[in-house]
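# Summary of the model geometry
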Amino acid sequence: MSLTYRRLLPLLPLAGLSLAGAAVGMASESAINVTATDGYDDQAPLSAVAQLGKKLFFDPSLSGGGQMSCATCHDPANHYAPANGLAVQLGGPHLDQPGIRAVPSLAYKMSTPSFSIGEESAADEAAEASPMTEASGVALANAPAAVTGPLTAQAVVKADAAATNLVPQGGMFWDGRVDSLEEQALQPMISPFEMANADAATVYAKLKEGYGKEISALFGDNILNDRDMTISEIGFALARYQIEENSFHPYTSKYDYYLRGKAVLTDEEARGLKLFDDANKGNCASCHLDKMTGDGQMPNFTDFEFEALGVPRNPAIPANADAHYYDTGICGPLRNDTYSAQQQNCGLFKTPTLRNVATRHVFFHNGVYRTLEDVTRFYVKRDTNPEEIYPRDASGKVLKYDDLPAQYQPNIDVIDAPMNRKLGDAPALTNAEIADVVAFLKTLTDGYDPAKDNVKAAK
């Protein structure tokens, strides 16, 4: 198999597959207890490359301090998402360096396309409750970013100059700064607030010492003579593990069974789904696609597009103690390329999947909210009742959009429901309707057992 072809494998849209959520804290290697049927939980033996990836995923010796593995922040016992309630996770050599963003779930990542700025996918638009009206300010960037190596690569960006309805989409991390599972797996290794290796040379030395024989056996005797190729193959092994291991993408939620006609939603859940889809109410499905595709694949619950929402600033993030510090998503501080220099992209973050969202402890890129009720309330009251969402200054003025500099605030979506309402309008959802939406979101948690519900119904 050619090296070029292997590089493409993490992005192939294998039918019905994606990646499942992750948890921070010391992780157990035991797989999630999944009781579903229909072949979605049938685990084929891992390939030799994926088995190597599994060893790497759980190996803390690959970190600078020898205390952090991939599984530390992506715990299989919590759908590969942080198990604790910290807004940002602690890493570094002594596990005392705070990050700057909430750790994204590794759930259902395999279908993520490369970063691009272009027209909305026709398939995605067809799957939306109502095609999304793009917020003003999102425009085409002019030049692709350069790739400088497996540990420092920026996204290779494609664009169509003739396109009209342009929107950033795809890529890994909250800012889409790399294109593949391979690159996503490698970047934390040299992040100072994650695995905190000093540089790529340090990673290379650890790989040669700990895995040299396996790497040579899998990728050839000469591979260890090339530092970048060795590191790249390790990224490939980590990607293969995430692709082949079913617990990253089991599709075993109650909603999956509902779509297959093997589960019935409660009245509350059904009302929540209707509100989720209603273009004038929750309108959640305009970004979190919830319909099966034409070829029978389960929905990803994301359109992979970017949005500026204007969530409130989170004082629990140490970096935010500096009043002049802002996290502007595509515009940095972690992304540095042509696209990050363009004002129309500032404040935009990638839409995450909602699969397993009820098992998360913090929400949005800055972890500012801790309950799904508060998240839903933000969407419907951000503009109708901003005093309930944002802090006030000393004079009592509501500091609306307080986590984004004023010059970037025009990028915030004020077009799409439910964020198209004005001060004093009634919120799009009542408290009872918010409860219904949350009830529906809880049906997206993997590991549902329809037999238990059937027994309960019989009683």
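Just so it is clear, the structure is predicted and the values come from calculations on it, not from any experiment. (Residues numbered from 1 in each chain as written. Predicted model: local features only at pLDDT ≥ 70, side-chain atom pairs only at ≥ 80, totals over all residues. Heavy atoms only, no water.)

Below, the discussion takes up the pattern of salt bridges. Evaluation of the coordinates by the stated rule reveals 18 salt bridges. Notably, a salt bridge pairs aspartate 175 with arginine 177, separated by 3.0 Å at the nearest N-O pair. For the pair formed by aspartate 175 and arginine 177, the shared burial category is buried. Salt bridges linked by common partners bring Arg101, Asp175, Arg177 and Asp327 together as one network. (Salt bridge = Lys/Arg side-chain N within 4 Å of Asp/Glu carboxyl O. Buried < 20%, exposed > 50% of the residue type's maximum accessible area, 1.4 Å probe, protein only.)

With that settled, consider helix H2 (residues 48-57). Within the span of H2, buried status applies to Val49, Ala50, Leu52, Gly53, Leu56 and Phe57. On an axial view of H2, the arc spanned by its buried residues comes to 155°, and they lie on one face. (Helix = DSSP H or I, 4+ residues; strand = E, 2+ residues; numbered from the N terminus. Arc of directions from axis to C-beta.)

This part covers the side chain of aspartate 75. Relative to the helices and strands, aspartate 75 is located in the loop between helix H3 (70-73) and strand E1 (90-91). The charged side chain of aspartate 75 is buried without a salt bridge, its nearest counter-charge being arginine 360 at 12 Å. Within the structure, aspartate 75 has its side chain in polar contact with the backbone nitrogen of alanine 77 (distance 2.9 Å). (Lys, Arg positive; Asp, Glu negative; His and termini not counted. Polar contact = N/O pair within 3.5 Å; in protein donor to acceptor, adjacent residues only side chain to side chain.)

Cis geometry marks the peptide bond from glycine 332 to proline 333, where omega comes out at 20°. Following alanine 417, the chain continues to proline 418 via a peptide bond in cis, the omega torsion being 5°. On the secondary structure map, proline 418 appears in the loop between helix H10 (372-381) and helix H11 (431-441). Even without a glycine there, the phi angle at tyrosine 80 is positive, about 60°.

So, on to the packing of helix H6 (residues 200-219) against helix H7 (residues 227-244). It is at 9 Å that the axes of H6 and H7 come closest, and there the two elements cross at 70°. Classed by the angle they form, the pair H6 and H7 counts as roughly perpendicular. Relative to H7, the crossing made by H6 is left-handed. Each of Ala200, Ala201, Tyr204, Leu207, Ile215 and Phe219 in H6 lies in contact with H7, whose residues at this interface are Arg227, Thr230, Ile231, Glu233, Ile234 and Phe236. When the residues that make up the contact of H6 with H7 are grouped by side-chain class, the tally is nine nonpolar, one polar and two charged. (Axes fitted to C-alpha atoms, helices over the stretch in contact; angles between N-to-C directions. Parallel < 35°, antiparallel > 145°, perpendicular 65-115°, else oblique. Left-handed = near helix turned anticlockwise from the far one by under 90°. Contact = heavy atoms within 4.5 Å. Nonpolar A, V, L, I, M, F, W, Y, C, P; charged D, E, K, R; others polar.)

One pass over the full model with this rule turns up one disulfide. The disulfide bridge from cysteine 331 ends at cysteine 346, spanning 2.1 Å between sulfur atoms. With the S-S bond torsion at -85°, the cross-link from cysteine 331 to cysteine 346 turns out left-handed. Of this pair, cysteine 331 sits in the loop between strand E6 (306-307) and strand E7 (349-350) while cysteine 346 sits in the loop between E6 and E7; the two residues are 15 residues apart in sequence, bridging distant segments of the chain. In terms of burial, cysteine 331 and cysteine 346 fall into one category: buried. With no disulfide of its own, cysteine 284 lies 9.2 Å from the sulfur of cysteine 287, the closest cysteine sulfur. For cysteine 287, a relative accessible area of 13% corresponds to the buried category. (Disulfide = S-S within 2.5 Å.)

Ranked by internal contacts, the top residues of the largest apolar core, which has 45 residues, are Phe276, Phe364, Phe378, Phe440 and Leu441. Only helix H9 (267-277), H10 and H11 provide two or more residues apiece to this core. When residues in this core are grouped by element, the largest group, five residues, is from H11. What phenylalanine 364 contacts, discounting residues up to four positions off in sequence, is Ala102, Trp174, Leu309, Val311, Tyr369, Val375, Phe378 and Tyr379. Ranked by size, the runner-up nonpolar core spans 35 residues in total, among them Met68, Ala71, Tyr211 and Ile231. (Core = buried A, V, L, I, M, F, W, Y, C linked by side-chain atoms within 4.5 Å.)

For the coordinates displayed, the defined rule picks out 23 aromatic pairs. Each ring, one from phenylalanine 57 and one from phenylalanine 58, has its centre 5.2 Å from the other, and the planes form 70°; the classification is edge-to-face. A single burial state applies to phenylalanine 57 and to phenylalanine 58, both of which are buried. Seen in terms of ring centroids, phenylalanine 364 and tyrosine 379 are 5.8 Å apart; in terms of plane orientation they differ by 50°. Their pairing is tilted. You can see phenylalanine 364 sitting in the loop between E7 and H10 and its partner tyrosine 379 sitting in helix H10, a full 15 residues away along the chain. Judged by its relative accessible area of 13%, phenylalanine 364 falls in the buried class. An aromatic cluster is defined as three or more aromatic residues linked by ring pairs; in this entry it consists of Phe57, Phe58, Tyr80, Tyr241 and Phe248. Between arginine 355 and the ring centre of tyrosine 108, over which it is positioned, the NZ or CZ distance is 4.8 Å. (Phe/Tyr/Trp six-rings, centres within 6.5 Å; stacked < 30°, edge-to-face > 60°. Lys NZ or Arg CZ within 6 Å of the ring centre and 35° of its normal.)

In terms of burial, H11 is a largely internal element, eight of the 11 residues being buried. Where H11 is concerned, the buried positions are Glu433, Ile434, Asp436, Val437, Val438, Ala439, Phe440 and Leu441. In this structure, the buried residues of H11 make contact with helix H8 (254-259), H9 and H10.

Attention shifts here to the confidence of the model for the protein chain. On average, residues of the protein chain carry a pLDDT of 85, and 80% of them reach 70 or more. Contacts of residues 1-39 to residues separated by more than four positions or lying in other chains number 138 contacts, the stretch itself having pLDDT below 50. Here residues 126-149 is a poorly scored stretch, pLDDT under 50, and it has 70 contacts once near neighbours within four places are set aside; other chains count. (pLDDT = per-residue confidence, 0-100.)

Between H10 and H11, whose axes approach to 9 Å, the crossing angle comes to 125°. With respect to each other, H10 and H11 are oriented oblique. Seen from above, H10 lies across H11 with right-handed handedness. Taken together, the residues of H11 that come into contact with H10 (itself represented by Leu372, Glu373, Thr376, Arg377 and Val380) are Asn431, Ile434, Val437, Val438 and Leu441. Partitioning the contact of H10 with H11 into residue classes produces six nonpolar, two polar and two charged.

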